[in-house]
Structures are given as structure tokens and as C-alpha cells.
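Examining the three-dimensional arrangement
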Amino acid sequence: MRLPDIQIRGGTLIDGTGAAPFSGCVDITDGKISAVGGPELPAREIIDASGLTVTPGFIDAHTHADLAALRPEETDCFLYQGVTSCVCGNCGFSAFPLRGEGREAHLRYAQGVMGPYRAEDGWDSFAGYQTAAAGILPLNVAFLVGHGALRASVMGAGDRRPDPAETAAECTLLDQQLAEGVLGLSLGLIYSPGSTAAREEFLALAETVRRHDAILAVHLRDEGAALPDSMEEIFSIARQTGVRVELSHHKVMGLRNWGLSRTSLALAEQARREGLRVGLDAYPYDAACSTGLVLLPPWALSGGVERTMELLADEAALACMERDLKTGVPGWENLSASCTWDNLIIASLASGDGQVLDRSIAELGHAWGCTPLRALARVLLRERGAVSVTIRGMSRADVDRILAHELTVLGSDGLFSAGAAHPRRYGAFAHFYRTYVHDGQMAPELAIARMTGRTAERFGLQGRGLLLPGYQADLAIFQADAFRDLADFSAPQRLAVGMETVFVNGQAVLRGGVKTGARPGQILKKR
């Protein structure tokens, strides 16, 4: 019998299935788990995990690290939380496929989510991204294709509805990426172009996704009062096409809508009983974060960021926006109405201006003697659209209820916009463990399953997410009592603590709580 390369001894093992913790050794051979729960054996390296917890590496179901993954210095936020794999390309934004004049328009619009882009960023295919990523990834990354990227490649900037030939071209481009191994398609129905797209386009794309048995991940059109209707919009597409659906960062927005998670979770359960393949992901915070552009009416985003800047500088256009903010636009989630301007906080800016950061838009309007919209317009114009906002309008009870539900897996929704933003990027997994396990709300084995095995199963990541022989050796070894987040809204970029050692594909990327510099990450593909 061949002896293992590495043996981890003495730890408490939680295997990712939801089963109770147990004791034993974990052996690693040739980058894979070769034995679990067996006896102590000689090995090239022995790791003493006495007093520590050993689990599969965590899988982040919802990230925007498409560009950040290529910049290893930006991935520390994952490694110090034990995250070994992340799913990118969410909410309709992705770094590929991007072709022609739409390439820069999409990357520029996505800055508040995916972060600043470089001249070489934006690839015409999944294969192109893989070439750029070869040998430089500290962790594994998997991808969805963003609807916005498809539209930009086929139609350039703007959000007019495609004609049948253009929809067919989108489907062809999507089919190519799915054939190369992406996990599915993402829609961002609060963003352009998803906010104005027609059902016929979504049906055609969903049918393409279904043919590959891939997943359709959706940022719903409205997460406030119209949440049930927005869910039904997607469930009806699933009924008609049979596509698998993931409801992204499931939550309830708006002060008057608190408690609506009871209804939304019941709807998800009913959809499952009907035979629909539906899942949820969520993050453990009662505040959201997004690009500041999302606060504008959908028509103001038509034509790309430059066109939006022109409208924000035009008094007549601003007057129309003021009207729409007061009266609403059918099918549009007006966050300034549901959450109020007092709860919309400037979270990050391209310039990093400390006179504006961490102040509400209502406060800025008062200080500048103008309406909140005009204060927002002033900031967006100065920053050329590269602004993120924290959105305070969620109930802790709704967050708890969603995270406790059996359909929910964990996703950070971490943003990579310039400067500080939301603590979820640096703390979501540690915050979840501290809040729910340390405080006794959830058994550790159930919490770990929501961060590992269930996520791998949901997204079709074969050979990941469980402590099983033959699986890739993606492992997290941590001090269960000490594992916690330090990031908060006043200092959102603090690294988590308590994570001792992290393996990615059998190589240590964190050892003794210190980053090793190894880059063994892989591009994960649908099999």
C-alpha cells in the first residue's frame, strides 16, 4: 500500500454531508483525498490538527471575483476564510464572452460590482479566460456567463430588445460557452439590460441552458414588495423550459416588507413540490450593497454609462428621474422609496473621497442644499459612475429565516469595487459561522454542509465539497471557537481570523494562518 503524501491527524472531522462530526485522520495523495477516518500512518508530512476542526474547503456560491481572481493579492479575503472555490459571473455580469464595442461598455458598467478593469481584461470566450488564468490562481474558480456580457457582445452598448436573429446569436454564443464548461447563465433583472428584456429572450436563453443541464442563476427583478411576483416570473420560465434555477442572494428589501421571507420561502417550497429544480443562496448580513447606478430608473441606464452621465448632467432628464422616483416605474424596484435615502450610504468611490464616503445620500443632499437624487447625480458624475452604495433595508429575522432554510447555501456576493465597500467580501463565511454556530443557532455540521457539499451538488462541482476518498484535497483546518470575522461596516476590509491551514488541490495556500504564495487553483468546469 502506498503511504500518503500528507496525513492530517487528531482533528474533529466534519465531512460536508450534514452528518455528525467524528474523529480520525485525513490522508492526501497526489492532490486528492486518499483516506478519511483511517489509522495513523507514516507520511511525508504530518499535520497535527489536535483541537482543530477539519472540513472540506468552503465554496462561495455567489461572487463577483471574475477579475479579482486573476490578481492573487485580491484573493486573501477568500483564503483567510477557508474558501477554496468560488462561483463567478453572477447578476448578469461576467468577464467573458466580450466582443467588439460592447466589451468596454460592459466592463465599465460592471466596475461597481467586478471592480476596476485593465486594458487586457475582457475575453471573447471561456477558453480565452482560461489562458489568462493559467498558473496564477490561488483558489478554484467556476463561472456563469452573464446575460449582460452576451448582450454586449451581440448588440454593443445599450439595452434595446434584440430581434429574433440577435436572440439566436446570443443563444449560439451561450451554447459555445456552455460546451466549454461554464456552469450556466446569470440574469440581473435589476440591472441593464436585464431590467428591460422581454420574456421571449429569457425563454430562448433558458432553453439553451436546459439543454446542457446547466443552471440559471437570477438576481430577481424585485426583492421588495413584488418579491413573490418576481419569483413567479422565474418559476414560470422554469416550468416552461425545465431549467434549473438558483435565486441569488435571496432576501427581503424594504422596511415595509419585513417578514415577507415567510411567503418567499413557502413559494420556493411549493415550486419544489411541483417538481421545479429550485435553490437559494444568501449572505448573513442585514444590509446589501450594489453599484450606485442601480438607484436610477431603468431608462436612465439605456445606452451605457456614458449616456447615463449625459442624462445626469441634463436638467430635464433629472426632472424626469425625480418624477419616476416619486411615482415609480412598473417592474422596477425603487430602492430609494422602499429603503429611503437615509439608508442608502456611499460605500466606495473611484476617488476614495473621505468627505463623501460613509455618508447617506440624504445627508449629502442636505449638506449640499439639493435633493437626494441631485446629490447622487453629483457623486456619480464626478466618479464617472464608479460608485457603490450600502443599502440598509433588511430585517435580521428575515436573514435568519432564509439562512436556516434547507434550500439555502452560502454566497458572499462580495464586491470588488475600488476602495472599501461591504464587509461580506472579507467576512461572510466567518460571520456566518460565528453568528449561527458560536451562538448555538445551527449545528456545526449543518452550517458546514451549507458552505461545502450542498453547494458543490447545487452547481455540479464534481469531486468537491466533501471529505471523501477520491475527492480533490480542498480542505479547511481551523480553530472552531476562534474562527470569526473582523470586518464590519466601519472597517470592511479586515481579514477573518482563526483559519489555520487551507489546502487547494492538495497544496497549502495558508499554513499556520499565513499565506504561502502557492497558486494551485484550477478553473472548475461542468462535467
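Residues numbered from 1 in each chain as written. Predicted model: local features only at pLDDT ≥ 70, side-chain atom pairs only at ≥ 80, totals over all residues. Heavy atoms only, no water.

Right, let's get into the overall build of the chain. Scanning the chain from N- to C-terminus turns up 18 helices and 23 strands. Computed over the C-alpha atoms, the radius of gyration of the chain is 22 Å, within 12% of the 24 Å expected from 2.2 N^0.38 for a compact globule of 527 residues. Principal axes of the C-alpha set define a box for the chain whose edges measure 75 × 50 × 45 Å. For the chain, the proportion of its 527 residues judged to be buried stands at 63%. Restricting to contacts in the chain with at least 6 residues of sequence separation, those with at least 24 account for 76%. As presented, the chain carries roughly 18,000 Å² of accessible surface, and 50% of it is formed by carbon and sulfur atoms. Treating the 50 positive side-chain charges of the chain as one cloud and the 61 negative ones as another, the clouds have centres 1 Å apart. (Helix = DSSP H or I, 4+ residues; strand = E, 2+ residues; numbered from the N terminus. Rg over C-alpha atoms; globule rule 2.2 N^0.38 Å. Buried < 20%, exposed > 50% of the residue type's maximum accessible area, 1.4 Å probe, protein only. Contact = heavy atoms within 4.5 Å. Areas by Shrake-Rupley, 256 points an atom, 1.4 Å probe, with all protein chains shown as cover. Lys, Arg positive; Asp, Glu negative; His and termini not counted. Charge placed at Lys NZ, Arg CZ, Asp CG, Glu CD.)

Turning next to unusual backbone geometry. Residues other than glycine predominantly adopt negative phi, and peptide bonds predominantly adopt the trans conformation. Note the cis peptide between phenylalanine 96 and proline 97, where omega equals -10°. Of note, proline 97 is situated in the loop between strand S9 (83-88) and helix H2 (102-109). With an omega of 5°, the peptide bond running from serine 192 to proline 193 counts as cis. One non-glycine residue, aspartate 413, adopts positive backbone phi at about 55°. With respect to the helices and strands, the residue aspartate 413 is situated in the loop between strand S18 (408-410) and helix H16 (424-438). For aspartate 413, a relative accessible area of 5% gives the class buried.

Below, the discussion takes up the state of the cysteines. Overall, the coordinates contain zero disulfides when judged by the stated rule. Here cysteine 91 stays unpaired: no disulfide links it, and the sulfur of cysteine 289, its closest cysteine neighbor, is 12 Å away. Classification of cysteine 91 as buried rests on a relative accessible area of 3%. (Disulfide = S-S within 2.5 Å.)

The next subject is the sheet that holds strand S7 (residues 53-56). In space, the seven strands of this open sheet follow the order S3-S2-S7-S19-S20-S21-S22, with mixed pairing throughout. Two strands lie at the open edges of the sheet, namely strand S3 (22-23) and strand S22 (514-515), each paired on one side alone. Bridge analysis of strand S2 (residues 12-13) against S7 gives two bridges, and the strand direction is parallel. The partner of leucine 13 across the bridge, within S7, is valine 54. (Pairing = 2+ DSSP bridges.)

Time to look at the sheet that holds strand S15 (residues 287-291). Where strands meet in a sheet, backbone hydrogen bonds hold them as pairs that are either parallel or antiparallel. Taken in spatial order, the three strands make up an open sheet running S15-S17-S16, and their pairing is antiparallel. For this open sheet the edge positions go to S15 and strand S16 (344-349), each flanked by a neighbour on one side alone. In this sheet, neighbouring strand axes are inclined to one another by 25° on average, regardless of whether the strands run parallel or antiparallel. Contacting S16 and strand S17 (387-392), helix H14 (residues 372-383) runs over the sheet at an angle of about 10° to S16. (Axes fitted to C-alpha atoms, helices over the stretch in contact; angles between N-to-C directions.)

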